[in-house]
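Letter by letter, the chains look like this.
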Amino acid sequence: MPLPEKALIAQIRRMAGSASRRRLADRACPTKTAIITGIGDDCAVLRLPPGQEFLVTTDFTLEGIHFRRDWHAPESVGHRCLARGLSDIAAMGGEPVAAFLSLALPRDLPQSWVGRFVRSLISLAEKYGVTLAGGDTAESPNGILADIIVVGTVPKGKSVLRSGARPGDRIFVSGEIGGSAAAFLQMRAKRKKKLNPQDYLRHFYPEPRIGLGRLLREKGLASAMIDVSDGLSTDLAHLCEESGVGAALEAALIPRARVGSPAREVDLDLALHGGEDYELLFTARPGKSVPRQIAGVALTQIGQITQRRKILVLNSKGIAYELLPRGWEHFGRR
């Protein structure tokens, strides 16, 4: 079973020790966001430098919904837990600063599982300069629940919102999409056979596009942005709704992931509706020159924003059809 609560918190605090030492060094730099007090007090104390605004996001990771212990190693679960929050910060063009982790754990969960989960989460946090600055622990009557809060910063008034798209803007997506959903389908079809995570990296160990999101904001390229967490069809619908616009996509342009061994391109349906790719979907004004690659990540133009409030897809036969959001939705019909 997991360690008693006090011992568990102490262990997590020790595991986050290197980030804590970095936090102390940051105190002397008035131009950098610093965590003045982290794990060990009732609240964390964060200092915000002049000219910056806070970004705050929160995401659940629930056993049986977002992962299964017989499918996902604890390292993958910990990585994915934090990556979800970091991806939200990336979608705003922000810089992540601190994370807060609340864990509800069943009594029969091995402590080794918890340790591997936390080590993986902290490893990803340190990669992006994020301090694990607090959280909470509790006993769960059934299954693992992890809630991650990520705090980031962005220059005042410079957040890239979902509401900035205008008719005539071009639509871009980073990387390739559909790979995470393809992994899920494979695991569901072959329940007794574990997948090799290296063949499905965007599912087991997704990399949040922090550098890309920041550069899109700094270069003034993105007029609106969202991360692809619920699926292209659903997330594009969110962006269009907030901007009061529609969209026209070309199916042939959508970059479909290649997964498995040997690698095969996923079906268009997975690219349109599969979630948890954590790529960035953004729009750019007609006069902006968007390169094919930024921060080592490929960018593909897949369509255009329209005035009519519908999303249409032009298929390979030149026939347009309406794209309805069929990505992930909690409480939706299965």
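Parameters at a glance
- Residues numbered from 1 in each chain as written.
- Predicted model: local features only at pLDDT ≥ 70, side-chain atom pairs only at ≥ 80, totals over all residues.
- Heavy atoms only, no water.
- Buried < 20%, exposed > 50% of the residue type's maximum accessible area, 1.4 Å probe, protein only.
- Helix = DSSP H or I, 4+ residues; strand = E, 2+ residues; numbered from the N terminus.
- Contact = heavy atoms within 4.5 Å.
- Patch = residues over 30% accessible without salt bridge, like charges linked within 9 Å, V, L, I, M, F, W, Y side chains within 5 Å.
- Areas by Shrake-Rupley, 256 points an atom, 1.4 Å probe, with all protein chains shown as cover.
- Salt bridge = Lys/Arg side-chain N within 4 Å of Asp/Glu carboxyl O.
- Lys, Arg positive; Asp, Glu negative; His and termini not counted.
- Polar contact = N/O pair within 3.5 Å; in protein donor to acceptor, adjacent residues only side chain to side chain.
- Core = buried A, V, L, I, M, F, W, Y, C linked by side-chain atoms within 4.5 Å.
- Axes fitted to C-alpha atoms, helices over the stretch in contact; angles between N-to-C directions.
- Parallel < 35°, antiparallel > 145°, perpendicular 65-115°, else oblique.
- Left-handed = near helix turned anticlockwise from the far one by under 90°.
- Nonpolar A, V, L, I, M, F, W, Y, C, P; charged D, E, K, R; others polar.
- Pairing = 2+ DSSP bridges.
- pLDDT = per-residue confidence, 0-100.
- Phe/Tyr/Trp six-rings, centres within 6.5 Å; stacked < 30°, edge-to-face > 60°.
- Lys NZ or Arg CZ within 6 Å of the ring centre and 35° of its normal.

1. Brief notes about helix α5 (residues 179–189)
Residue pairs spaced three or four apart in an α-helix point in one direction, given the helix's 3.6 residues per turn.
Here is step 1 of the chain: If you check which residues of α5 are buried, you get Gly179, Ser180, Ala181, Ala182, Ala183 and Met187.
Here is step 2 of the chain: Each element contacted by the buried residues of α5 is listed here: α6 (201–204), β10 (258–259) and α9 (268–273).

2. What to know about a nonpolar patch on the surface
Here is step 1 of the chain: The grouping of Leu48, Phe54 and Val56 at the surface amounts to a nonpolar patch, some 260 Å² of accessible area in total.
Here is step 2 of the chain: Tracing the chain through its elements places valine 56 in strand β3 (residues 52–62).
Here is step 3 of the chain: Here valine 56 falls in the exposed class, since its relative accessible area comes to 60%.

3. What about the side chain of arginine 170?
Here is step 1 of the chain: If you trace the backbone, arginine 170 turns up in strand β7 (residues 170–174).
Here is step 2 of the chain: Look at arginine 170: it is buried, it has no salt bridge, and the nearest opposite charge is aspartate 169 at 7.2 Å.
Here is step 3 of the chain: Only 2.7 Å separates the side chain of arginine 170 from the backbone oxygen of arginine 285, close enough to count as a polar contact.
Here is step 4 of the chain: For arginine 170, the side chain forms a polar contact with the main-chain oxygen of lysine 288, separated by 2.3 Å.
Here is step 5 of the chain: When near neighbours in sequence (up to four residues on either side) are disregarded, arginine 170 contacts Phe282, Thr283, Ala284, Arg285, Pro286, Lys288, Val290, Gln301, Gly303 and Gln304.

4. Focus: the nonpolar core
Here is step 1 of the chain: Leu82, Leu101 and Phe117 are the most contacted members of the largest nonpolar core, which totals 50 residues.
Here is step 2 of the chain: Looking at this core, the elements that each hand over two or more residues are α1 (5–15), α3 (74–91), β4 (95–105), α4 (111–127), β6 (145–155), α7 (210–218), β12 (279–284) and β14 (297–306).
Here is step 3 of the chain: Contact partners of phenylalanine 117, with chain neighbours within four places excluded, come to Pro74, Val77, Gly78, Cys81, Leu101, Leu103 and Ala146.
Here is step 4 of the chain: Ranked by size, the runner-up nonpolar core spans 25 residues in total, among them Ile177, Ala224, Leu236 and Ile311.

5. Here's the deal with the packing of α3 against α4
Here is step 1 of the chain: The interhelical angle for the contact between α3 and α4, taken along N-to-C directions, is 40°, at an axis separation of 7 Å. Comparing their axes, α4 and α3 come out oblique. Taken as a pair, α3 and α4 cross one another with a handedness that is right-handed. Contacts from Pro74, Glu75, Val77, Gly78, His79, Cys81, Leu82, Ala83 and Leu86 in α3 reach Trp113, Arg116, Phe117, Ser120, Leu121, Leu124 and Ala125 in α4.
Here is step 2 of the chain: Its residues assigned to classes, the contact of α3 with α4 shows 11 nonpolar, 3 polar and 2 charged.

6. Topic: the environment of isoleucine 177
Here is step 1 of the chain: Within the fold, isoleucine 177 resides in the loop between β7 and α5.
Here is step 2 of the chain: Put simply, isoleucine 177 and glycine 274 are 97 residues apart on the chain and 7.7 Å apart in space, counted from C-alpha to C-alpha.

7. A word on unusual backbone geometry
Here is step 1 of the chain: The linkage connecting serine 261 with the following residue, proline 262, adopts the cis geometry, with an omega of 0°.
Here is step 2 of the chain: The phi angle at alanine 295 is positive, at roughly 55°, despite the residue not being glycine.
Here is step 3 of the chain: If you trace the backbone, alanine 295 turns up in the loop between β13 (293–294) and β14.
Here is step 4 of the chain: The exposure class of alanine 295 is exposed, given its relative accessible area of 52%.

8. With respect to the sheet that holds β3
Here is step 1 of the chain: Across the sheet, 4 strands lie side by side as β3-β6-β4-β5; this open sheet has mixed pairing. Across the chains shown, the open sheet's two edge strands, defined by having one partner strand only, are β3 and β5 (131–139). Averaged over all pairs of adjacent strands, the angle between their axes in this sheet comes to 15°, without regard to strand direction.
Here is step 2 of the chain: Where β4 meets β5, 8 bridges bridge the pair, whose relative direction is parallel. Bridge pairing links leucine 101 to glycine 135 in β5.
Here is step 3 of the chain: Each of β3, β4 and β6 is contacted by α3, which is oriented at about 145° to β3, the strand it contacts most.

9. Some thoughts on the confidence of the model for the protein
Here is step 1 of the chain: Per-residue pLDDT for the protein has a mean of 91; in total, 92% of the residues score no lower than 70.
Here is step 2 of the chain: Counting contacts from residues 21–25, a segment whose pLDDT is below 50, to residues more than four positions away or on other chains yields 8 contacts.
Here is step 3 of the chain: Confidence drops under a pLDDT of 50 for residues 330–334, and excluding neighbours within four residues, the segment shows 4 contacts in the predicted structure.

10. A closer look at the packing of aromatic side chains
Here is step 1 of the chain: Tallying each qualifying case throughout the model produces 4 aromatic pairs.
Here is step 2 of the chain: A centroid spacing of 5.3 Å and a plane angle of 10° characterise the contact between phenylalanine 172 and phenylalanine 282, whose relative ring orientation is stacked. Taken together, the positions of phenylalanine 172 in strand β7 and phenylalanine 282 in strand β12 put the pair 110 residues apart, joining distant regions of the chain. Residues phenylalanine 172 and phenylalanine 282 agree in their burial class; the two are buried.
Here is step 3 of the chain: Feature note: the residues Phe67, Trp113 and Phe117 constitute an aromatic cluster, connected by ring pairs.
Here is step 4 of the chain: Its end group placed over the ring of tryptophan 71, arginine 68 keeps NZ or CZ at 4.0 Å from the ring centre.

11. Quick notes on the pattern of salt bridges
Here is step 1 of the chain: Applying the stated rule across the entire model yields 15 salt bridges.
Here is step 2 of the chain: The network of salt bridges with shared partners includes Asp59, Arg80, Arg84 and Glu276.

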